[in-house]
Every structure is written in structure tokens, then in C-alpha cells.
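Residue-level structure breakdown
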Amino acid sequence: MNTKPDVIQKCLWPACLVGLFIPGALSLHCNLLHLHLREVTWQNLRLLNSMSNSFPVECLRETRAFELPQDIQSHTPPGKRYLKEAFYEMSTQAFNIFRESTTKSTWKKKYLKQIQIRLDWQMHHLEKCFEEEEKGKEDSKQMEEDGMDFSGAMVSQVSSLELRRYFYRMYNFLKDKKYSHCAWEIIRVELRRCFYYFYKLTLLLRKK
Amino acid sequence: MLWSQNTSWIRPRDLYPVVYIGLMVGVVSAWPDLSDESCTLKVTFRSFRLILSWELKNHSIAPTHYTLWYTVMSKPDDMKIVEHCSNITASFCDLTDVWEVLPETYIPRVDGFRGNTMLVSCISDFFLATHVSLEPPDFDIVGSTNHINVIVKFPPVIPKILNGEILQHYLPLVIEEQSGKIVKKHHPKLNGNIIGNVTYVIDKLIPNTNYCVSVYFKSKVMGAINRSPVKCTFLQPGQETESSESAKIGGIIVMFLIAAVFISTILILKRVGYICLRNDFPKVLNFNNLSSWVFLERPPLETVAFVEVIHVNRKKKVWDYNYDDESDSNEEVAPPVSGGGYTMHGLTGRLLGPASASSATLEDCIQPDAEEPDQSEPEADTERLMAAWPSPEQSECCKSGAYKERGRLPQDPVSEDDDSFTEESGDKITFNVNLNSVFVRIPDDDSEVPPTSPSFLEETANLEDSDETEISFLAASGEGTQPPFASPSAECPWPEDALSDKSDSSESDADIRDGYIMR
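Residues numbered from 1 in each chain as written. Chains lettered and ligands numbered in written order. Predicted model: local features only at pLDDT ≥ 70, side-chain atom pairs only at ≥ 80, totals over all residues. Heavy atoms only, no water.

In plain terms, the rule: UniProt positions are given in the numbering used here, feature names are shortened, and annotations may be inferred rather than shown by experiment.
The name that an unreviewed UniProt entry assigns to chain B is Interferon alpha/beta receptor 2, with the source organism given as Panthera tigris altaica. Within the UniProt record for chain B, the comment given under Subcellular location (unreviewed entry) is "Cell membrane". Listed under Sequence similarities (unreviewed entry) in UniProt, the entry text for chain B is "Belongs to the type II cytokine receptor family."

Under the annotation held in an unreviewed UniProt entry, chain A carries the name Interferon kappa and is attributed to Panthera tigris altaica. Under the UniProt heading Sequence similarities (unreviewed entry), the entry covering chain A gives this text: "Belongs to the alpha/beta interferon family."

**Some thoughts on the confidence of the model for chain A**
Test applied: Per-residue confidence from the predictor is given as pLDDT, running between 0 and 100. Numbering of helices and strands runs from the N terminus; a helix is a DSSP stretch of H or I covering at least four residues, while a strand is a stretch of E covering at least two.
Residues at a pLDDT of 70 or more form 74% of chain A, whose mean pLDDT is 79. Within chain A, no element has a lower average pLDDT than helix α1 (residues 4–31) of chain A, which sits at 61, and none a higher one than helix α2 (residues 33–50) of chain A, at 87.

**Some thoughts on the environment of F234 of chain B**
All names here are of chain B. Defined as follows: Throughout, exposure labels follow a simple rule: accessible area from a 1.4 Å probe, protein chains only, divided by the maximum for the residue type, with under 20% read as buried, over 50% as exposed, and the rest as partly exposed. For this analysis, residues touch if any pair of their heavy atoms sits within 4.5 Å.
By the element assignment, F234 lies in strand β16 (residues 231–234). You can call F234 partly exposed: its relative accessible area is 38%. It is 8.2 Å that separates the C-alpha atoms of F234 and P207, two residues lying 27 residues apart in sequence. Once you skip the residues sitting within four places of it in the chain, F234 turns out to touch N208, T209 and N210.

**Some words on the state of the cysteines**
Residue and element names in this part refer to chain B. Put simply, the test is: Here, two cysteine sulfur atoms that lie within 2.5 Å of each other are counted as a disulfide.
Throughout the structure, instances matching the rule amount to four disulfides over all chains. Through a disulfide, C39 is tied to C122; the S-S separation comes to 1.2 Å. Placement of C39 in strand β1 (residues 39–46) and of C122 in strand β7 (residues 117–123) is noted, with a sequence separation of 83 residues between them. Summarising the burial analysis for this pair, C39 and C122 share the class buried. At a sulfur-sulfur separation of 1.9 Å, the disulfide partner of C212 is C232. Its S-S torsion of about 100 degrees marks the bond between C212 and C232 as right-handed, since a negative value means left-handed. Separated by 20 residues along the polypeptide, C212 in strand β15 (residues 210–217) and C232 in strand β16 bring together distant segments of the chain.

**Brief notes about the pairing of strand β11 (residues 148–152) of chain B**
Residue and element names in this part refer to chain B. So the rule is basically this: Two strands qualify as a pair provided DSSP detects at least 2 bridges between them.
Of the two faces of β11, only the one carrying I148, V150 and V152 is buried; N149 and I151 on the other face are not. Turn length for the strand β10 (residues 139–143)-β11 hairpin, with the two strands adjacent in sequence and antiparallel, is four residues. Note: β11 against strand β14 (residues 198–202), five bridges, orientation antiparallel. Bridge pairing in β14 places N149 opposite V201.

**Examining the pattern of salt bridges**
Residue and element names in this part refer to chain B. Selection rule: Any carboxyl oxygen of Asp or Glu that lies within 4 Å of a side-chain nitrogen of Lys or Arg is treated as forming a salt bridge with it.
In this structure the tally under the stated criterion is 11 salt bridges over all chains. One salt bridge in this structure joins R49 and D94, with 3.1 Å as the shortest N-O distance. With R49 in strand β2 (residues 49–56) and D94 in strand β5 (residues 92–94), this residue pair connects regions lying 45 residues apart in the sequence. For K231, the salt bridge is made with D140, and the minimal N-O distance between the two is 3.2 Å. A residue pair is termed long-range when its members are at least 10 positions apart, and K231 in strand β16 and D140 in strand β10 qualify at 91 residues. Taking the relative accessible area as the measure of exposure, D140 reaches 30% and is therefore partly exposed. Each member of the salt-bridge network shares a partner with another, and the members are D140, K153 and K231.

**Quick notes on the side chain of S160 of chain A**
Note that S160 of chain A resides in helix α6 (residues 143–176). Not counting chain neighbours up to four residues away, the residues in contact with S160 of chain A comprise E85 and E89 of chain A.

Below is the structure:
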């Protein structure tokens, strides 16, 4: 008795339905990406809050100013392109930092793992949205739009560089403090502050 | 068991690092966290003011005054003293104008003193975006017939820490309306710049119902939700509101417009001639003589043309299809006798128009010599005539023959069979009167001109020669018309003898035309 064809037939119809909806879901994904980013960022922020009870008083002497870029702290609504690039840079750099914390920090492992999963999800979907935008640019034949995109790209590159330097300062701080407990607590507080400003950017984008 | 020679001896100096590490771990674990057990610090918003409050866990320690210090995590600065919260006796401090950045991590420290001795020191950290709790705002409610005004009290100036998008995105205001077991939530939209109180109207409520309202800020950022105390109001029924008054005014205006459109349509149709409005109303709708209509009085005499029929005692003859001569019979009842010896039969013709001026009288036709009261036979068909004559004012657009016919003598078919044939139709009574046996008189007191009736003379002449004929007769009309049989006083062309000898069988040579019998 051959049950495989029956199984295939049973799964064929749901698979077709899923296949029909995937392109639509992916096409909607980039348009609603800021909503997903908002929710994911807020969840990461709350996880960072839960990873430690309170800040150790002895670590107050080792605090450092990491100088979050002013563009991130701005109250003006950002452009979609800039927002996506900033999120991508933040997700990539924060993921690298948390990757170091898996073996060197005293944080709760389950919270740490959830944060890493969310950051990885952010990077993956942002990359797909960038690919779709690149395909759209190749199909476009308007030179004026290309010129405008070039200037916009310059601005976004500068902002990404500033953001990257910001995370490098945190990374270097950890190395200098030899991944001490206080250093991790200080980095945890700083990342919580950073995530909040990115969360606020998603709200500003909706307002725009 | 013997140790082998290759066993490395654990020397005491190798244990030193182990001991040291153990001691350090113990010391580090013994170091207090910022969440000190000696006191509990709490940050909240009260009436949009950021308040830091503290409470000692050990109540036996009672400091006399407190001093507040703080620092921030983002800047490697030393502790700063809060000037207006230095050496205070209260166990709270207003930091609205001190802590102005929401995503910042603030680290406050409270030192409790008794005199110059510090009894307790409390320190903690607050990430305001997630740690602060928001108390509900103050509000008032004003209930009306079907709506409630909820007045949420905001400060004249919103604190900087709540400015911008905080109130719009992080602190959505929720107004709960509860009636019985039904709870409804309202989400008024707050803009970024809120100045003063905010009024929200809960409408579409049921009068004569009790409603309770609660207000709070709902935000996942600010922590748990604190609902305000409930305030209730009872909506009074039947109160006039501005909306109901405006609705009434609007309804009145609409009705007025509809009536105006309807009246204008009727007038236009009347002008065009599409519709005809009758002016000659039926008698029951004649309100000209309202008093008589109300009291059901008889119309005045001047509106009625009386016709006095002078009955000549003549035997009634019924033709029984027998051409033989028959004697007259005296079976009819003798009519009432007037003072002049005549048999009077009043024929009342009701005139719709003024008829007094033109109503002619036939009194002059009465010959006082006629003395046959007892033996005169009243015509059986002589009855009180109630003829309704139409008003001379004819309708403008209605010139139908029906009206004309009403203005004329009603057609009474000449019947050889029965000269007492009476036909009653509507408001008029037609009857046959043998002119050969009667004198007709229309009383008219005001008339000085004796009515002329050339036709009367003509008929008299005809009657002398012709047989008794039967004609239909009606009372004289109103204005402008002369009774066909009206005659001046001195000219009564109806000799009685001539009339009495006439038979009543032969057909007259009267020409019946349009209801009139012309001679």
C-alpha cells in the first residue's frame, strides 16, 4: 500500500497556498519592516533590562562616554533608506558584541541567546530588503533619481561610519577592561540606551 | 598505599592564588548592589511631575533630614547634589526639572542624617523609559442629557522629559466609560504640544442612566497601568441641549420650506390652468352666512324668492287614457286660504346669491276677486319649492353646461300622465304646475319697478287658446333675472276664468329648450 502519493496530495494543497502567499508576504515585508524593527528592538530592550537586577555601585567609577551619534538621538524623522542602513549596522555590530559575551559575560544565557536570534533576524531581513531595492534601481532608467540616490548614499555612508565607530568604542572598552563584570554591565546599560533611540526612530518614521 | 615518587607535591605557595581568589569572590559578593536593602527608592509621575520618593526598611532608624545626590551612566561624572532637595525633612523630591532625558540611566543617592551623623545611605539606578510608573492624571466630568464631557487636567507646561513624542506614542490616554457591566474604552488623540486641559466628549449616551468614568495612561514603556479613581454621573433626561434645539430649529425650517414649496406649486398649477379651484362650494361649505349655518337658521327672506301660487280651485284630472270627459273630483284637500281669498302656496326658492333686489313679487298679480278658497283644488304637485339657484358669480374657468342648467329652470318633463309629477333632485325640487289654474307671484317688498314679464302676457294669450298645459316651474332666480311669470300689479294677464275653463290635456306648443319651457 503506497501512502506516499496520499501524503504528497495532502501536503500539496497547503504548500501551494503557502507558495502563493510567500511573494506577497515578502513584498509586504520591506514596506512594513519598520513595524517589525520596532517590535524586535523593544523586545531586545526589555531583555537587556531583565538580564541584570541592578547596576553594581562599584562599577560607577569605570563608566565611559561612548558618544552615540547625534543622528540617532535626533528628533527629526529619518529617511527610510537611512533607517534601514542604521538598523543594519546596529544589528551587525551589536550581534558581534553579544557573540563575545556568550563565553565571557555572566549574563543569563537564555536572555543572551534570544537577543542574538533577534539581531540575526534583523540582519537577514534587512539584507533581503536591500537586494530588492538594488533590483529596483537597476530597472529604473531615470538618471536624476540615480543622482539623488548617490547623494543620499553619501549621507547614509557617513552615518553608518559614525555608528560603526560608536560600536567600536564599546568593543574596545570591553577589550581594555578584559571583559570584566563591570565592563559588561556598563556595555549592557549603553546598549539599552542605544536600543531605545532606535526604537524611537521607528516611531518617528511612522509619524512621517 | 604508597605515593609514587612522581607525585608532585602540592606546595603551600601553590594554594595562595586559590585562597586569594576565594577571598576576592567572597568580598565581591559581599559588595552591595545599587539596590540597597536599607531603603526603597521609587520614581513616579504625579500630575506630570517626576517625583523620587524613598522609604526606609528599618523604621527604627529615623533620620531628621535627607540629602539627594545623583549621576548619569552615559557620562563619567561624579555625584551631583540636588540643591532643592538638600537637608529636607520630606521623604520625596521633585526632579522634573533635573532629570530631563527619558532613555538615560540615572543613579540617585539618598543620605539620611540625624544632626551631622549620617545614619543611612541609599543608592539605586533608574532607566526612566522602563522603570518609572505613571500615575493617572486628574480629571473632571460634566454630564448632560446624552453626553459626558471629560476634562483631563494637563499642566500649562509639559515637562521636558515627557515632551515631544512621549505623550503621543508612549503615553496614550485611555478613557474608560462604564455603565452597568458594559465597559467602553476611548482613545483620544493627543498631539505633541499639549497646553492646558484637554476636553473629550463621550457622546451617544443613553439619558436617565448612570455612567462612571476612569482615566489612565496606557504605555508598555512606562510600566504597569494605574487607573484613576472612578467618577460617576447620572444623565438627566429631557434636558434641552444645544444639539436638540438646533435640531428643532432645523425641523421647523424644513417644514416651512416644504409648506412654501407646496403652496407655490399649487399656485403655479392654478395659474397654468392645470388645476381648477372651485369657488362654488356646496351649501354645507358656504360660510358666508356663518351664523345661519351655525345655528341652522332659515336663510333671510331677501335671499329667498317666494313664489305665491294662487291656486284656482280646479278639479284635478288624472288622465286615465280615456278620452271621454270626466267630471272633476273634489278629493284633494283644500289648501290654506289667505286673507285675500286666495289659496296660498309658498314656493321657497333658496338663492345662493343676493336675490332680494331682483326678486320680484307676484303679489300684484293677486286678484282680490278670486274667491274660491274652499273649492279650489290645490295642485297636487304644488309644493313648497326649494330651489337652489346658483350664485351669479360663476366660476372663472368652469362654464360647463351643468352650471348653466342649474341657473335655468330645471327641466321638468311634461307629463301628460300626471300633472303633479314632482321630481326632486339634489337640492332642488321640480314640480309641475298648471299655469292655467294658478297665479304666480314673487313677493318683492323693495322693488319699485314692477317686474315686467312680456312672456307672461304672451303666455296668457296662449293660454286662452290652448289647452291646459303643464309646465315645469321654478321660483324666480336671483340677481338680474326676472321671474318668468312676474307681472306688475296692474297687469295680471292671467284671467282666472280663462284659466279655469281650460282643459289640461293637450300638449302645449311650448318649446322645451335647455330646461326652459318657452312660449
